[in-house]
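# Structure at a glance
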Amino acid sequence: MKLVRFGSLRLAIAAVLLLAAARAAAQGAPAEPAPTPSGEGAPAANAAPPASAPPQLIKFVEATWPQAALEQGLTATVEIEIVVAIDGTVKEAKVTTPVGNGFDEAAVEAVKQFVFEPARKNGKPIAARVRYPYVFEMRKEVEPEVVPDAPPAPGQLEGTVLAIEDDAALAGVRVIVSMPDGSNAQSTVTAADGSFAIVNLPPGVYSVRLEGEGRTPREQQEEIVAGQATSVAYRLLEPRDPDAFGAVARIPPPPREVTRRTIAKEQLTRIPGTRGDALRTVELMPGVARPPLGAGLLIVRGSAPSDTQALFEGLPVSLLYHFGGLTSFVNSRLLKSVDFYPGNFSVRYGRRRGGIIEVGADDIKNDAPHGVADINLIDASLLFTMPVSEDAEIALAGRRSYFDAIFTAAAEGSDIQTVAAPVYYDYQLIGTYRPSDRDKLRLMLFGSSDNLKLLFEQPVDGDASVAGDFAFGTEFHRAHASWRRQLSKDVDQDVDVAVGALDVDFGLGEAFKFNLSGTDIYARSEWRGRVSEKVRLIGGLDLFFLPGQFTYKGPPVAQSEGNPDNQGGASFSNRDEITVTDDFTVIQPAVYLETDINLFPVRFILGSRVDYYDEIEEWSYDPRGSAHLTVADGTTLKGGIGMFSQPPQFQETSPGLGNPDLEPTSTLHVGLGFEQRIVEGFTVGVDGFYKHLYDNIVGTQFGNAPFFTNDGEGRIFGGELSAKVDPRGRFFGYLSYTLSRSERNDRGEGWRLFDFDQPHILTVAAVYRLGRGWEAGATFRMVSGNPNTPIIGSSLNTITGAYSPLYGRLNSDRNPAFNRLDLRIEKEWRWPDWKLALYLDVQNVYNAENPEGIVYDYRYDQSEPVRGLPIIPNLGLRGEI
Amino acid sequence: MRTLPFAPALLLILLAACASDLPKATDIEQMRVLGTKLSVVGDEDRATPAPGESVHLSFVTVFPDLDGTTEESELMIVSCTAPDRFTGGLPICQELIDAAESGEVESGSVLTAARKVDCRDIPGRRQTFAGVTVACVSGPPEIDLPIPDDFEAESAMFLGVLCEKGDAYFDPTTTELFGCDDNDGETIALHGTYPVRRDAEDENHNPDATKLSIEMEPFIEWRPIDGTPLAEPGALSDECLAMADALAADVGGDSASSPLMPGVDVGAHQLTLRFPAEERERMGEAFESLEISIHTTFGEMERQFTVWTDESETVDAKRGDVPIDTDPPWLEEDVSWDPDNDVPAAGQLVRFFVTVRDQRGGFNMSTYAACVR
């Protein structure tokens, strides 16, 4: 007779039942009969799940008895609090009453491998918390009579694979079983009803891996008992991790940022007022201020637009929007998600001190060719995808505006001659290839162009210098190659290389001319590794290289923010003129390292980043850290602090225009947040933030050499309230409110408001699927007006004949508050192989005036408000195969 | 994302161009200073003084009515060195910038008294201290200002105020710096920078406004200023004729060449501006630019400016490729004028003030008139 070590299973199950019953009673659901572990009468995989039920243990894992305790013959009962996730796995396991002697750790390790039938409420799986006493007790066991030479009868694994969100059967999911050492490996694919069966499995513990198209892969262990069928039901999640893709497993990144707001694919093109443009949705997020006249400036938590960077597939994008806000440069239907980090972002992102917008491209469907054509009042676009092979696919998209035809007609007969009417186009070509289960290659070719040229035949009234060509042109093209590779079970690597051409042209007759052109080159390599169960590491190198040239003719470059002359002040006639032509090379390498330490319930993310800026021969070091505390199920506290450095803009350091001896600016971010999941799919959050800006670049007091110095500072503080309903059913929506204040202090002259300080920003967006193909939505915004500097008088330059304004206290007045309602309605018709949608998106439904500024007469004596954008309807038709 | 400088300002300028209800720069509705004519004392044709010379500044002033006068006006002017680099707003004397940066302010000038100063506080109504001159003038706003012998900068500047009927003052505690007390009229703060000549290449002359001719279509009669009787006596009302006679004796600018164009009907008219292409002053090989600005006491001008640059080898300055085919070659441009206000039955005398600038500091003005009925 020998002693056998195992925990008391039946006693533990009873305890689980008691706890679950109490919880169910509290929720109003009846208690269910006792569950049994896997293989002993577990619920049939194909049986309908009960409406409301506590979690049911279907796979029990025996703990390893601590050696020291075993030698001493010690026993124990370890009380563990378990959080069972909606897929039945154990999300958290925490010892409530430690007993020591190694029993606590052993019990937790075993419990973490338990699998439950998840709790249910109204038929839908929900997360649940249960108490579980894991009992270490000894009992005598009678050794079974072993029949020599008789091999154990094989067992089998059978079951069903379902979708977590609606229990729909998932067909085509690959199920791979193998022993831990890789032996006895077999695989199969689920049938149309989601069922599978793998037979002739020698008894033992197997690793079961499930890989489904568009689903997060899942791995777990199952015990196969001799001569018996192990029945299971697996539920697969849709990938929430934007880094997960296809069939290649990736080490998911931890929640590094204090605040991350994600707009998922299902919502990107459906929000009213955005014209179906994914990147315009960012403007509705908490902490994002409203740019004047709808120009595509991203003003994040009181930071200047140049402090925020948008990235497409990990690399910076030079120009985000056509014509400064009309529509973004990429077809929104190519995107998977838009992640917005308003502050305290990871060390993976650098050279910016405001916010980050990361735009991710979606995986291209490989099942069949697909296409989307969209034509509306402003532009037309086409998107086409098709598989090339089982492991490769391509996507091609293009868009062109036809606003030029309308503009030319409208300008007919005026003093403005159209040389080149406003037109934009963009294109994307994406190819993906998976040479192995561990590799994914992608090549993207994309570009964008905006062009407008008007001829003012004679000068505008009030400023004789403003005459001639008004030209605006921007163009960029890029080739971006990426390689995602799983180096080992615990290490991933991403490599990105991109080369592009950039050309920006802006001119106003002879008064102002600016041209910048260059070749931008990005290279980036990142490694992610799992050092242990609790520790992960991310390290990376990235390089930005831009050789180029620019030409500038116009007034001497002055401080842009906090300068009333930049808000439409003194005429060009009354300013000096300089001409500078320069070749330049920007070289900015960086290295970063981040570690993620999981000490449940707290997770720490600590990182460092070092940047070098060759154009000013300066370094910056940015330490950053954040912590996430899971207070309770669905309740998370988070906080972060870090430094964020940014190099000066090129005009601030270019010899002849600025000061090459400037230093980088930096900002301290401090953030604290709280997120609460009210019910599945509905979350609310509160975030507080403080930012202090150091070494801000400001103009010299009299505009003389060295023209710019680092003698400015800033402070920004505020809070954000957000509520979000995910698109799981007919409805989704957002509510966000930001209360903040953003100030600057130039040259120690005292604190004043930031040019875009908007103390109150309220946004409400809601979309509802009415049924029968109808969908309607509304977005309402109410935002404080921007500060402005009053003009209190003027002085006539009698040599030029133009008046110069005299300014009151900087930013001491404020424009009226902004309010706007946008509506969208869509009707979709579906056929087996294609669908057609007709939509109407109306911006500013009640035609609110929303003054954006003030226009003065020639001597700044009388004024009129400048009206904002009027009602803009956009009717469109979209076909999809 | 890197933002371009000035883009919002430029957009606003364009928007301002479309604003409809604000007063227009072409309308003379109160006393206005249309420009400063510079002439070197002792060499009146030259507009650019040299170190050691004095420059005569004449602030050309116009009124909406014929009885407007500068006899009760007071001008306070500060003359100094223009700043090395000027990014906009009001220029500040380089001497002041130097003093602020060095922290050393010499006392002795009335301007450093840190209090409000009017013309009575200035000894002899003129003081020059540390290279800065402050002076006052009563009556027509004209003044001579010296350029120091050791003047090394490229440009000089002036700033001050013209009070139509009040007392000018300087107050360093206010943003405006200058103002008028007891002023029953207009207060015009003014400033400007002008180049200082170093050598013959820097020399500039005021453009000859007599070379600019204006014709108006359609007109009923043409009456030259020399007094030749009308072809059809009585075609104009007596009131209009009287005003035209008064104007003939009181025209501004180069009076000898200011024709009268009496007798135009209510309705839009086209003014044709002409200037002999080869009469422009040269800057080396190129011709200087000419900027014509038209103001009127009645009706609405189509626009304020017409600019002819050296590339203006065509009839239409910025438009087509039509070569100048007149002999001698003319620069020509049309501007429309619409007297859409209520015209009295007796007729309305309308004056046009046409300034000509060469965009290098040179300036001149002519006056034209018409009688509308």
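Residues numbered from 1 in each chain as written. Chains lettered and ligands numbered in written order. Predicted model: local features only at pLDDT ≥ 70, side-chain atom pairs only at ≥ 80, totals over all residues. Heavy atoms only, no water.

### Section: the overall build of chain B
Within chain B, the regular secondary structure consists of 3 helices and 22 strands. Burial analysis of chain B (373 residues in total) assigns 51% to the buried set. Long-range pairs, those at least 24 residues apart, make up 70% of the contacts in chain B with a sequence separation of at least 6. Counting every atom, chain B has about 16200 Å² of accessible surface; 46% of that belongs to carbon and sulfur. (Helix = DSSP H or I, 4+ residues; strand = E, 2+ residues; numbered from the N terminus. Buried < 20%, exposed > 50% of the residue type's maximum accessible area, 1.4 Å probe, protein only. Contact = heavy atoms within 4.5 Å. Areas by Shrake-Rupley, 256 points an atom, 1.4 Å probe, with all protein chains shown as cover.)

### Brief notes about the environment of A:Leu823
Examined against the element boundaries, A:Leu823 turns out to sit in strand β49 (residues 818-830). Residues A:Leu823 and A:Ala776 lie 47 residues apart in sequence; the distance between their C-alpha atoms is 7.6 Å.

### Quick notes on the pairing of strand β33 (residues 535-554) of chain A
All names here are of chain A. In this sheet, β33 lies alongside strand β32 (residues 512-530) in antiparallel orientation, the contact comprising 16 bridges. Bridge pairing in β33 links Leu516 to Phe550. The hairpin formed by β32 and β33 contains 4 residues between the paired strands. Across 20 bridges, β33 lies against strand β34 (residues 578-599) in antiparallel orientation. The partner of Gly539 across the bridge, within β34, is Leu593. (Pairing = 2+ DSSP bridges.)

### Observations concerning unusual backbone geometry
Residues and elements named next belong to chain A. In the segment running from Ala705 into Pro706, the intervening peptide bond is cis, with an omega of 5°. Examined against the element boundaries, Pro706 turns out to sit in the loop between β39 (682-699) and β40 (708-725). Although it is not a glycine, Arg351 adopts a positive phi angle of roughly 65°. Positionally, Arg351 belongs in the loop between β23 (335-341) and β24 (356-361). Given the relative accessible area of 9%, Arg351 is considered buried. With a phi close to 55°, Asp695 is a non-glycine residue in the positive phi region. On the basis of relative accessibility, which here comes to 30%, the residue Asp695 falls in the partly exposed class.

### Describing the sheet that holds strand β11 (residues 186-189) of chain A
Residue and element names in this part refer to chain A. Pairing within the open sheet is antiparallel, and its 4 strands lie in the order β11-β10-β13-β14. Whereas interior strands pair on both sides, the edge strands pair on one side only; in this sheet they are β11 and β14 (218-224). Sheet twist, expressed as the average angle between the axes of neighbouring strands with direction ignored, equals 25°. Here 4 bridges tie strand β10 (residues 174-178) to β11, and the two strands are oriented antiparallel to one another. Counted as the bridge partner of Val175 is Thr188 from β11. (Axes fitted to C-alpha atoms, helices over the stretch in contact; angles between N-to-C directions.)

### What about the packing of aromatic side chains?
Residues and elements named next belong to chain A. Within this structure, the stated rule accounts for 40 aromatic pairs over all chains. Here the aromatic rings of Phe103 and Phe136 are separated by 4.8 Å at their centres, their planes lie at 55°, and the arrangement is tilted. Of this pair, Phe103 sits in helix α3 (residues 103-111) while Phe136 sits in strand β8 (residues 128-141); the two residues are 33 residues apart in sequence, bridging distant segments of the chain. In this structure Phe136 comes out as buried when scored by relative accessible area, which is 3%. Taken together, the ring pairs connect Phe60, Trp65, Phe103, Phe114, Phe116, Tyr132, Tyr134 and Phe136 into an aromatic cluster. The aromatic ring of Tyr839 is capped on one face by Arg824, whose charged end is 4.8 Å from the ring centroid. (Phe/Tyr/Trp six-rings, centres within 6.5 Å; stacked < 30°, edge-to-face > 60°. Lys NZ or Arg CZ within 6 Å of the ring centre and 35° of its normal.)

### Concerning the pairing of strand β6 (residues 132-138) of chain B
Residues and elements named next belong to chain B. In terms of residue burial, β6 counts as a mostly covered element, since 6 of its 7 residues are buried. Here strand β3 (residues 74-81) pairs with β6 via 6 bridges, running antiparallel. When the bridges of β6 are listed, Val78 appears paired with Val134. Sheet topology places strand β5 (residues 126-129) next to β6; 4 bridges connect them, and they run antiparallel. The residue of β6 that forms the bridge with Thr128 is Thr133.

### Focus: the side chain of A:Gln588
Residues and elements named next belong to chain A. Looking at where Gln588 falls in the secondary structure, it is placed in strand β34. Judged by its relative accessible area of 3%, Gln588 falls in the buried class. Within the structure, the side chain of Gln588 is placed 2.8 Å from the side chain of Glu615, a separation counted as a polar contact. Look past the residues within four positions of Gln588 in its chain and what remains in contact with it is Arg351, Asp542, Leu543, Phe544, Tyr612, Tyr613, Glu615 and Pro647. (Polar contact = N/O pair within 3.5 Å; in protein donor to acceptor, adjacent residues only side chain to side chain.)

### A word on the state of the cysteines
Residue and element names in this part refer to chain B. One pass over the full model with this rule turns up 3 disulfides over all chains. Cys80 shares a disulfide with Cys93; S-S distance 2.0 Å. Of note, the bridge from Cys80 to Cys93 carries an S-S torsion of about -75° and is left-handed in sense. With a gap of 13 residues between them, Cys80 in strand β3 and Cys93 in the loop between β3 and α2 (94-102) connect regions that are remote in the sequence. On the basis of relative accessibility, which here comes to 3%, the residue Cys80 falls in the buried class. In this model, Cys163 is linked to Cys180 through a disulfide, with the two sulfur atoms separated by 2.0 Å. Residues Cys163 and Cys180 are joined by a disulfide whose S-S torsion is about -90°; by sign, that bridge is left-handed. Within this pair, whereas Cys163 is found in strand β8 (residues 155-163), its partner Cys180 is found in strand β10 (residues 178-181), the two being separated by 17 residues in sequence. For the pair Cys163 and Cys180, one class covers both residues: buried. (Disulfide = S-S within 2.5 Å.)

### Structural notes on the side chain of A:Thr385
As for its placement among the helices and strands, A:Thr385 is situated in strand β26 (residues 379-389). If we skip the residues at most four places from it in the chain, A:Thr385 touches A:Ile364, A:Ala368, A:Pro369, A:His370, A:Ile394 and A:Ala395.

### Examining the pattern of salt bridges
Residue and element names in this part refer to chain A. Enumeration according to the criterion identifies 66 salt bridges over all chains in this entry. With a shortest N-O distance of 2.7 Å, Arg348 and Glu526 are connected by a salt bridge. You can see Arg348 sitting in the loop between β23 and β24 and its partner Glu526 sitting in strand β32, a full 178 residues away along the chain. The pair formed by Arg348 and Glu526 is uniform in burial state, with each residue classed as buried. Arg824 is the salt-bridge partner of Glu826, the closest N and O atoms lying 2.8 Å from each other. For Glu826, a relative accessible area of 10% corresponds to the buried category. Several salt bridges share partner residues, and in doing so they unite Glu313, Arg348, Asp363, Lys440, Arg442, Arg484, Asp492, Asp494, Asp496, Arg524, Glu526 and Arg528 into one network. (Salt bridge = Lys/Arg side-chain N within 4 Å of Asp/Glu carboxyl O.)

### Focus on α3(A)
Burial analysis of α3(A) places 7 of its 9 residues in the buried class, the great majority of the element. Among all positions of α3(A), only A:Phe103, A:Asp104, A:Ala106, A:Ala107, A:Val108, A:Ala110 and A:Val111 are buried.

### Some remarks on the confidence of the model for chain A
All names here are of chain A. On average, residues of chain A score 83 in pLDDT, and 86% of them are at 70 or above. Confidence scores differ between elements of chain A, with strand β1 (residues 2-7) showing the lowest mean pLDDT of 26 and strand β42 (residues 751-753) the highest of 97. Predicted confidence for residues 1-49 stays below pLDDT 50, and this span has 81 contacts to residues more than four positions away or in other chains. In the predicted structure, residues 240-255 sits below a pLDDT of 50 and forms 46 contacts with residues beyond four places in sequence or in another chain. (pLDDT = per-residue confidence, 0-100.)

### With respect to the sheet that holds strand β1 (residues 32-40) of chain B
Residue and element names in this part refer to chain B. In spatial order, the strands read β1-β2-β7; together these 3 strands make up an open sheet with antiparallel pairing. Bordering the open sheet on either side are β1 and β7 (142-146), each of which pairs with just one other strand. Averaged over all neighbouring strand pairs, the angle between strand axes comes to 25°, with direction disregarded. Of the strand pairs in this sheet, β1 and strand β2 (residues 54-62) are connected by 8 bridges, and their pairing is antiparallel. The residue of β2 that forms the bridge with Val33 is Thr61.

### So, the nonpolar core
Within the largest apolar cluster, 71 residues are counted, with the highest numbers of intra-cluster contacts made by A:Leu279, A:Phe312, A:Phe329, A:Ile357, A:Phe550 and A:Tyr552. Counting 31 residues, the second largest nonpolar core, distinct from the first, contains A:Ile799, A:Tyr803, B:Met31 and B:Ile188. (Core = buried A, V, L, I, M, F, W, Y, C linked by side-chain atoms within 4.5 Å.)

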